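Now for the letters of each chain:
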Amino acid sequence: MSRKSLYRRLSERFDQERVLLIVLILGSGFALVETFRFDISAAARFPRLTGSVVFVGALLIFFSKYLPEGLRAVVEESAGVFEADEDFEKRQQKAEEQQQAGADTAQTDRNEFSTVGRPIHDSVFTALVITGYAAVGFAIGILWATPLFVVAYGYWFKQPWHLTGVLAVIGFAIAFGFMSVLGVPLDRGEIFLTSGVF
Amino acid sequence: MAFAAFSEALSLVFSWPTPLWVVIGLTLGMIAGALPGIGSSLGMAIILPLTLPLGPINAIILLVSMYSGAMYGGSISAILVNVPGTGGAAATTFDGYPMAKQGRAIDALSMSATASAVGGFLSVITLLLISPILIEAVLLFGSPEYFLMAILGLSMITIVADGSMVKGLVAGAAGLLITTIGIAPNSPELRYTYGSLGLYDGIDFIAALIGMFAIAEMLKLAGQEGGIADGDIDLTGSTLSGVKETLSHPGTIIKSGYIGMFIGAIPGAGATVSNFLAYGESMRSSDDPGSFGNGNPLGVISSEASNNGTIGGSLIPTISFGIPGSGSTAVLLGGLLMHGLRPGPQLFETDLHITYAFLIALLIGNIFIILIGVLVVTRLAKLTLIDTHIIIPMILVLSMVGGYTLRSNWVDVITVLLLGFFGYIMVRKDYSIIAFVLGVVLGPIAEENLMRSLQISGGSYDIFVTKPLSLLITAAIILILVGPYVKPALEKRLA
Amino acid sequence: MGDNNDRSSATRRDYIKYTGAASAAAMTGLAGCSGGGDGEYPDGDITYIIPFSEGGGTDTYARQFISHMGDELGTNIAIENVPGAASLRGTGQLYNADPDGYTIGGFNPPSTPVSAMVNPPEYDMTKLEGIGTYARTPFVVVANPSYEIEGFEDMIDRYADGELEIFSGKERGGVDHVLALLMKGNDSYDLQWDRYVGYDGTGPAVQATISDEVPVSIATDTGAAGAAEDDRIDVLACLSSQGSEVFPDIPSTTDLGYDNIDFLGQLVRGVFAPEGTSEDHIEVLTEALEAALQTDEVQSWSEETGNVVEYGGPESASNAVADAFEQIPEQVDLEAVRDAASQ
């Protein structure tokens, strides 16, 4: 149980927006610095222009709490075009709520983290399993990695075996179809099977 | 010239196997639309790599047909399970779901098909009629104006999108920034490539689209309950009375269709906005506004006529200036570029026959919408009940395989993944994905035209304000970006 | 930097056929069985690498003649598009392939060599073995008719006077730009343009000339054909000494007494094999290429679409690459290409 609560505490602490902003600030900062190493100055113009907007904008959002009132409003408030009359807005709100109830449980289920009783959040697992899919695909070829991915996904989400089997076959067929119709070497890995099978 | 291109386009569209692509596109679109959580932009994004061997005309026809089909398809789940398949069908749930609960599901579905088809038909016919004027207008635009239009489009999106404008701007600029990886347009400088040939051409925007739409959405969907809804709605009602009732309200259809078209033509505002506006207008002008929300057929008709009406409008900025107004048109633009078709004068000059061909295909498509909608929709209805754990792995496989297929380049696979994770956080935290995606799609166009403008002017930025047209666009950009902040201050001072 | 972009002209009339060609390619799509075996060459599928994407000029040509070349050889030739890096990526893949005769590829000097000279890759393109050439696409100089430029000499005079300042063509750092710099620095041409404006392909450059964003532009002959037909542009001269089949009446610059600049003035579309491919294999492939170009289907496609097909032997392919690498650095200051691009 302690492992579980540690994970829970970590995931509560982990503010996705902060991470996003840090990536943006570091990324754009790096991009800006690098432009001074370009040989051709014209090629630096656009990255500097866009990089500055990202850098300054992300910094403003990151530190919005500490900004003076006026500036803070500018950073946080929505511009709100297409404002309709009140009656209509209520209805729209109701619809959005309904939609949210059906569709966006992602917000509320964060603390329950898995709908199938697994120890990590479903979205996190999905992110991990597709990263693995890509890595295995790189090693042995996407064609061969595809059924493995589908089986791993089905096992985790406790899908019936026969269903997972059918999906694995369909997944393989999709990859095989791309390979034969488009002539893409999906059967080749970069580490194993480098010369392909078909 | 226009006439010759038109007749060439006609013969193109009716030559085998093009009509087949129309039907396949519509059907795929309806499926994507009917599956809540998929929708048109995601569906189109994962189909993009598959259009590689098709050749430009059939590929674009397939994509616009998907767009059109998804606009209708979104109403299927809106009516049957109260969850709109696309944002453009949100207002359809207001009266569509109550109708279904009252045992008139089939009525509502056939109303939606008829209204969608007529609304779509109207707007595309209008677009065809005004295309000669559009051609003249497009020819007035040179390199400086194209750069400015790209910035204008991005600015518009930041004010329309959810979340604060600064967030929108950051998202858009981040999209633009990542396109600067790779060889610079119009100069042989390699940027951020560090000797890797895989990065020479930078980030593939289609990989970005797949990541942002497909992966991000699937990550979100994975965190939700398995089944989408319990299908307790009986498929009862009458097709014929649905079609008849729809056609007995031509005023509503025409008005809603044109509201859709007008809103669609504004970059940044797509069907997501227009269906609410059309619904609101229909309610406002009704004798019995109280019946709306309790199964009034006019609610379904207005919402559905407007979302398909949006298509004709949204194509205007997309094909004239390369500024898509929505996710779906961003993918469509991606398709155009992928097949070597450049928005702007070329689509109205040398490639005019292609432009006409896909407009004609859209027109024909609307007829198929009625046919498919009326004849096989009951089968499509079953789609709304598919478990998400079946959909998710299949979409992920398509995304991964499609991503690699683009250029047989692992950089694209990494792009799909990283931007997928990035997009997931952006959606949750109210950063506009559309602004980001638009940045990625517009980046090369914007930079290339910026550089070229400065080459023409010899380095002077005056070129963006010296001609009346460029001055006008520059003024519009400033107004949009500053307006929302200045307006309240002005009002305060006046009061 | 895209393909040599006569896309619109190449695909304009063969779109219907294109899908046919693509599906034919699909059937031969399962590549990779590149094993020699003991039998007579070729004994297995051959892979043809195109360093450009589907639908470009190079791809369109290949999808016409490659299947016929396969028929001649009695085997399948699978087309593999490896686009990117201004064609350096696919060409690099060809360079690194086993020289067993089962991987060949096509690119178009001087376009790919220029890209390699401007941003040098980690391989030496001149080491590739030529198999043959199948087409030649000359460059022409086109002008907006409102300037009433009376031929190529008049144009040179007007640039010298300062009446015209802007010259244009495809992207900076590409063949057109190098060609423009060559004519500027060369005493025989002495073309005194002040600013070079680059476009993303011949189509947009011609379009910009029509709309008078720029007065004069370099274009491929096939890329200029449509606009010249409607008199929306004037064609001033052909930059290849061998002239243009699309514009037989237009003089070449050598006709007008200027230096021969064929190493840059025309694209030579060639087929190549990795270094070390045996001469016997190359001979077999060359013969197959020549025969494929003679087939009725290829010839009638050529007539219908205006895409000229012209066979040249292994040496014409190798020479085109070698000439480019020898003459361009000699006659154009390549550092200046990068510097000029910074303006």
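Given the structure is predicted, the values throughout are model-derived calculations rather than measurements.

> Quick question: what am I supposed to make of the overall build of chain A here?
Assigned secondary structure in chain A consists of 8 helices and 0 strands. For chain A, the N- to C-terminal ordering of α and β elements is α-α-α-α-α-α-α-α. Counting over 198 residues, chain A shows a buried share of 32%. Partitioning the intrachain contacts of chain A with sequence separation of at least 6 by distance along the chain shows that 47% fall at a separation of at least 24.

> Help me understand the pairing of strand E5 (residues 166–170) of chain C, please; the structure alone is not making it clear to me.
All names here are of chain C. Most of E5 is tucked away, with 4 of its 5 residues classed as buried. Across 5 bridges, the pairing between E5 and strand E6 (residues 195–199) is parallel. When the sheet's bridge partners are listed, Ser168 is paired in E6 with Val197. Once you follow E5 into helix H7 (residues 175–185) and on to E6, the crossover reads as right-handed. In this sheet, strand E7 (residues 216–220) lies alongside E5 in parallel orientation, the contact comprising 2 bridges. What sits directly across from Ser168, in E7, is Ser217.

> How should I be thinking about the UniProt feature "transmembrane region" (unreviewed entry) in chain A in this particular structure?
Residue and element names in this part refer to chain A. Cross-referencing UniProt, the feature "transmembrane region" (unreviewed entry) maps to residues 20–40, 46–63, 124–155 and 161–184 in the present numbering. A distance of 16 Å separates the end C-alpha atoms of residues 124–155, which is 97% helix and 0% strand. Along residues 161–184, the helical share is 92% and the strand share 0%, with 30 Å between the first and last C-alpha atoms.

> Looking at this model, I keep getting lost on the packing of helix H9 (residues 205–222) of chain B against helix H14 (residues 327–338) of chain B. Mind explaining?
To describe two helices that pack against each other, one gives the angle between their axes and the distance between the axes. All names here are of chain B. Close contact between H9 and H14 brings their axes to 10 Å; oriented N to C, the two are set at 155°. The orientation of H9 with respect to H14, classified from their angle, is roughly antiparallel. Considering the relative orientation of H9 and H14, their crossing is left-handed. Here Phe205, Ile206, Leu209 and Phe213 of H9 lie close against H14, whose contacting residues are Gly327, Ala330, Val331, Gly334 and Met338. Its residues assigned to classes, the contact of H9 with H14 comprises 7 nonpolar, 2 polar and no charged.

> Help me out: how do you make sense of the interface of chain B and chain A in this one?
Bring the parts together and some accessible area is lost; that lost area is often taken as the interface size. At the interface, 70 residues of chain B touch 71 residues of chain A. Ranked by residues supplied to the side of chain B that touches chain A, first place goes to helix H18 (residues 388–407) of chain B with 11 residues. The residue makeup of the side of chain B that touches chain A, split by class, is 47 nonpolar, 14 polar and 9 charged.

Each value, and the rule that gives it
- Residues numbered from 1 in each chain as written.
- Chains lettered and ligands numbered in written order.
- Predicted model: local features only at pLDDT ≥ 70, side-chain atom pairs only at ≥ 80, totals over all residues.
- Helix = DSSP H or I, 4+ residues; strand = E, 2+ residues; numbered from the N terminus.
- Buried ≥ 20, exposed ≤ 12 C-beta atoms within 10 Å, placed from the backbone.
- Contact = placed C-beta atoms within 7 Å.
- Pairing = 2+ DSSP bridges.
- Right-handed = clockwise from strand over helix to strand, strands pointing away.
- UniProt positions renumbered as here; feature names shortened; annotations may be inferred.
- Axes fitted to C-alpha atoms, helices over the stretch in contact; angles between N-to-C directions.
- Parallel < 35°, antiparallel > 145°, perpendicular 65-115°, else oblique.
- Left-handed = near helix turned anticlockwise from the far one by under 90°.
- Nonpolar A, V, L, I, M, F, W, Y, C, P; charged D, E, K, R; others polar.

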